[in-house]
Amino acid sequence: MNFDTNLIVSIMPELARAFGVTLLTWGVGVIGAAILGFLVAVGRRYGSAWLGYPLWLCVEVIRGTPFLIQLFLLYYGGPFVGLSLEPIPAGLLGLTVYGAAYFSEIFRAGFEAVPPGHVEAAECVGLNRRQIVRRILIPEMTMLVLPASVNMAIILLKETAVLSIITVPELTLVISAIGSQQYAFVESLFLLALFYWGLVELSGRLGRYMEARLSKYRFATA
Amino acid sequence: MTTPAISVKGLIKRFGEAEVLHGIDLDIPQGQVTCLIGPSGSGKSTLLRCMAFLEEATDGLIFINGEPLGFAPGPQGKPVRLPAARIRAVRSQIGMVFQQFNLWPHMTALGNVSEALKTVHGVRKNEAEERAMIQLKKVGLAERAGHYPSQLSGGQQQRVAIARALALEPKIMLFDEPTSSLDPELTGEVLNVMRSLAADGMTMVVVSHEIGFAAAVCQQIAFLDHGKLLMTGTPQQIFGKPRHPRLDQFLDTYLDRGAAMLV
Ligand SMILES: Nc1ncnc2c1ncn2[C@@H]1O[C@H](COP(=O)(O)OP(=O)(O)OP(=O)(O)O)[C@@H](O)[C@H]1O
Ligand SMILES: [Mg+2]
């Protein structure tokens, strides 16, 4: 294998831009997915059955179909129902909805893992439903769901590569385009893998650091 | 005669089909310690949880210092539910301590004790923490104020839980087996806190398997069996002879267990 380092240097600016798009879609996608997923989890837990059943169905359908197909349907099928989106907004929306389905399940399990006695203790000292969610459930849940959430964020990072099929100019699209123009497939794919792996490694470390910082909040034993 | 601190009238509790309390009538006198004893599954926790309105009675009424808790007598004799604000007001006279402590793991001891003052009563942080410190001192944990529950022993956690309940200045304290998940050495420190509360004249209802504590500290003992109140009375009346045969049987299992521990 013969590496052309000059080539890599010459495409740096383009790469930097693509890297930025990947980071942006990832960051916005993860935050959007976490927020939407949280709302879905709250809706399913505290809402009526009229809200809960459709939400359940959406979550099941999204988790039961490939992201690639969802994205195709959104981008190429959207205009037929009056939803014409540019590639980046479409990609963000797709990633957010896809991630939210999984995040909602993580949060649902998180809610259930908070011991009922912690909520009863709060009721006994007079906290109302809203105060209990805000002061007790959300903070306790955050610790419980942190490992699964970091994992989900990493999965979503890798899913951003799928956005290339709807022409979002992120890393995978840009690097594979360069690869085919320059007949340098191996170099480009190698570089691509390195980028993703570096990011995954970094976010894994960040997650473990946060877990360590929060460990004093862990559940106490008698 | 003064109004009882708690008055339970004809309390029936069903979980689905199963009736676990079959019409309980019980008065908790002001300023005294009442112990609820009875075999496992007899309904002690359920009765206590009804008094804290953590469970809703299927039928019957509970009065806290004369005021109806949760449900008031209705026109046709059927209890009617009171508005939420009214329920909260009556309930605020009660402090509850759980077997599992139930401290909030993301708050320090001080945070646990001051939380309701800040969030519910709008007391400023400084003042709430000052008031919380007074309670932590009372349970002998002032120097542990900054510790998280995971950094405290079981006995310390339970004392923080007692301080958390006391911070709201309840008129009545309910304890559900407060020492059952503690090692014997840690049991003593919690019982000591409860003894000093009793000495200060706090009205207390204690579900306990500590028969020694019951005999020494309680003015009234209520013996529950299969969802019925078999007898209430002073420790002398309950433990003295002649005894109810069911109580004898119940105490025997305790003596056996105690003897087994000595061997
Ligand atoms: N939430 C519930 N749903 C259904 N049944 C329940 C529930 N809580 C309690 N029970 C039943 O009610 C009965 C009384 O239970 P309770 O917990 O009050 O007993 P207890 O006297 O406190 O026993 P222990 O000494 O073991 O704590 C038991 O048969 C129990 O199985
Ligand atoms: Mg019990």
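Residues numbered from 1 in each chain as written. Chains lettered and ligands numbered in written order. Predicted model: local features only at pLDDT ≥ 70, side-chain atom pairs only at ≥ 80, totals over all residues. Heavy atoms only, no water.

This brings us to the overall build of chain B. Secondary structure summary: chain B contains 9 helices and 12 strands in total. By the compact-globule yardstick of 18 Å for 263 residues, chain B fits well, its C-alpha radius of gyration being 19 Å. Viewed in the frame of its principal axes, chain B has a C-alpha envelope of about 60 × 55 × 40 Å. By residue count, 54% of the 263 residues in chain B fall in the buried class. In chain B, of all internal contacts separated by at least 6 residues, the share reaching a separation of at least 24 is 63%. Surface summary for chain B: the accessible area is close to 11500 Å², and the carbon and sulfur share equals 52%. (Helix = DSSP H or I, 4+ residues; strand = E, 2+ residues; numbered from the N terminus. Rg over C-alpha atoms; globule rule 2.2 N^0.38 Å. Buried < 20%, exposed > 50% of the residue type's maximum accessible area, 1.4 Å probe, protein only. Contact = heavy atoms within 4.5 Å. Areas by Shrake-Rupley, 256 points an atom, 1.4 Å probe, with all protein chains shown as cover.)

This part takes up the sheet that holds strand 2 (residues 18-28) of chain B. All names here are of chain B. Reading across from one edge, 2-1-4-5 is the order of the 4 strands in this open sheet, with antiparallel pairing throughout. At either end of the open sheet lies a strand with only one pairing partner, and these are strand 2 and strand 5 (67-68). Where strand 1 (residues 6-15) meets strand 2, 8 bridges bridge the pair, whose relative direction is antiparallel. Within strand 2, the position partnered with Ser-7 by the bridge is Asp-27. (Pairing = 2+ DSSP bridges.)

Here we come to a nonpolar patch on the surface. Nonpolar side chains collect at one region of the surface, where Leu-36, Phe-80, Val-81, Leu-83, Leu-93 and Val-97 of chain A lie side by side and expose about 560 Å² of accessible area between them. By the secondary structure assignment, Leu-93 of chain A is in helix 5 (residues 87-113). (Patch = residues over 30% accessible without salt bridge, like charges linked within 9 Å, V, L, I, M, F, W, Y side chains within 5 Å. Salt bridge = Lys/Arg side-chain N within 4 Å of Asp/Glu carboxyl O.)

Moving on, we get to the UniProt feature "domain: ABC transmembrane type-1" (unreviewed entry) in chain A. When the UniProt feature table is mapped to this numbering, "domain: ABC transmembrane type-1" (unreviewed entry) covers residues 19-204 of chain A. Counted over residues 19-204 of chain A, helix gives 82% and strand 0%. Its end C-alpha atoms are 19 Å apart. (UniProt positions renumbered as here; feature names shortened; annotations may be inferred.)

Turning to the sheet that holds strand 3 (residues 33-37) of chain B, a few remarks are in order. Strand pairing in a sheet takes place through backbone hydrogen bonds and is either antiparallel or parallel in direction. All names here are of chain B. An order of 8-9-10-3-11-12 is seen for the 6 strands of this open sheet, with the pairing classed as mixed. Every other strand in the sheet has two partners, leaving strand 8 (94-97) and strand 12 (228-233) as the edge strands with one partner each. Here the average twist between neighbouring strands, direction ignored, is 15°. (Axes fitted to C-alpha atoms, helices over the stretch in contact; angles between N-to-C directions.)

This part is about the pairing of strand 1 of chain B. Residues and elements named next belong to chain B. The antiparallel pairing of strand 1 with strand 2 creates a hairpin that spans 2 residues between the two strands, and Gly-16 there sits at a positive phi of about 60°. Sheet topology places strand 1 next to strand 4 (residues 59-64); 5 bridges connect them, and they run antiparallel. Its bridge partner being in strand 4, Val-8 is matched across the sheet by Ile-62.

All right, on to the UniProt feature "transmembrane region" (unreviewed entry) in chain A then. Residues and elements named next belong to chain A. In the UniProt entry, the feature "transmembrane region" (unreviewed entry) is given for residues 20-43, 55-76, 88-107, 144-168 and 180-200. Annotated as residues 20-43, this span is 100% helix and 0% strand, and its ends, taken at the C-alpha atoms, are 34 Å apart. Within the segment residues 55-76, helix and strand shares are 86% and 0% respectively, and the terminal C-alpha atoms sit 24 Å apart.

A separate point is the nonpolar core. Leu-156 of chain A together with Ile-6, Val-8, Leu-26, Leu-47, Met-51 and Leu-174 of chain B are the most contacted members of the largest nonpolar core, which has 95 residues in total. By residue number, the principal contributor to this core is helix 7 (residues 129-159) of chain A, which donates 12 residues. Dropping the residues within four chain positions of it, Leu-174 of chain B is found in contact with Ile-6, Leu-48, Met-51, Ala-52, Ile-94, Gly-95, Met-96, Val-97 and Val-205 of chain B. Listed in part, the 51 residues of the second largest apolar core include Val-97, Phe-101, Ala-109 and Ala-161 of chain B. (Core = buried A, V, L, I, M, F, W, Y, C linked by side-chain atoms within 4.5 Å.)

Glancing now at the pattern of salt bridges. Scanning all chains against the criterion turns up 17 salt bridges over all chains. Its salt-bridge partner being Glu-115 of chain B, residue Arg-135 of chain A comes within 2.7 Å of it at the nearest N-O pair. Of this pair, Arg-135 of chain A sits in helix 7 while Glu-115 of chain B sits in helix 3 (residues 109-119), which puts the two residues in different chains. You can call Arg-135 of chain A partly exposed: its relative accessible area is 28%.

This part takes up the site of ligand 1. Residues and elements named next belong to chain B. For ligand 1, the full set of nearby residues is Phe-15, Val-20, Pro-39, Ser-40, Gly-41, Ser-42, Gly-43, Lys-44, Ser-45, Thr-46, Glu-177 and His-209. Within the contact set of ligand 1, an oxygen atom lies 2.6 Å away from a side-chain nitrogen or oxygen of Ser-40. Within the backbone of Gly-43, a nitrogen or oxygen atom sits 3.0 Å from an oxygen atom of ligand 1. Protein coverage of the free-state accessible area of ligand 1, which is 630 Å², stands at 57%. A per-element tally of the shell around ligand 1 places helix 1 (residues 44-51) first, with 3 residues. (Near = heavy atom within 4 Å. Polar contact = N/O pair within 3.5 Å; in protein donor to acceptor, adjacent residues only side chain to side chain.)

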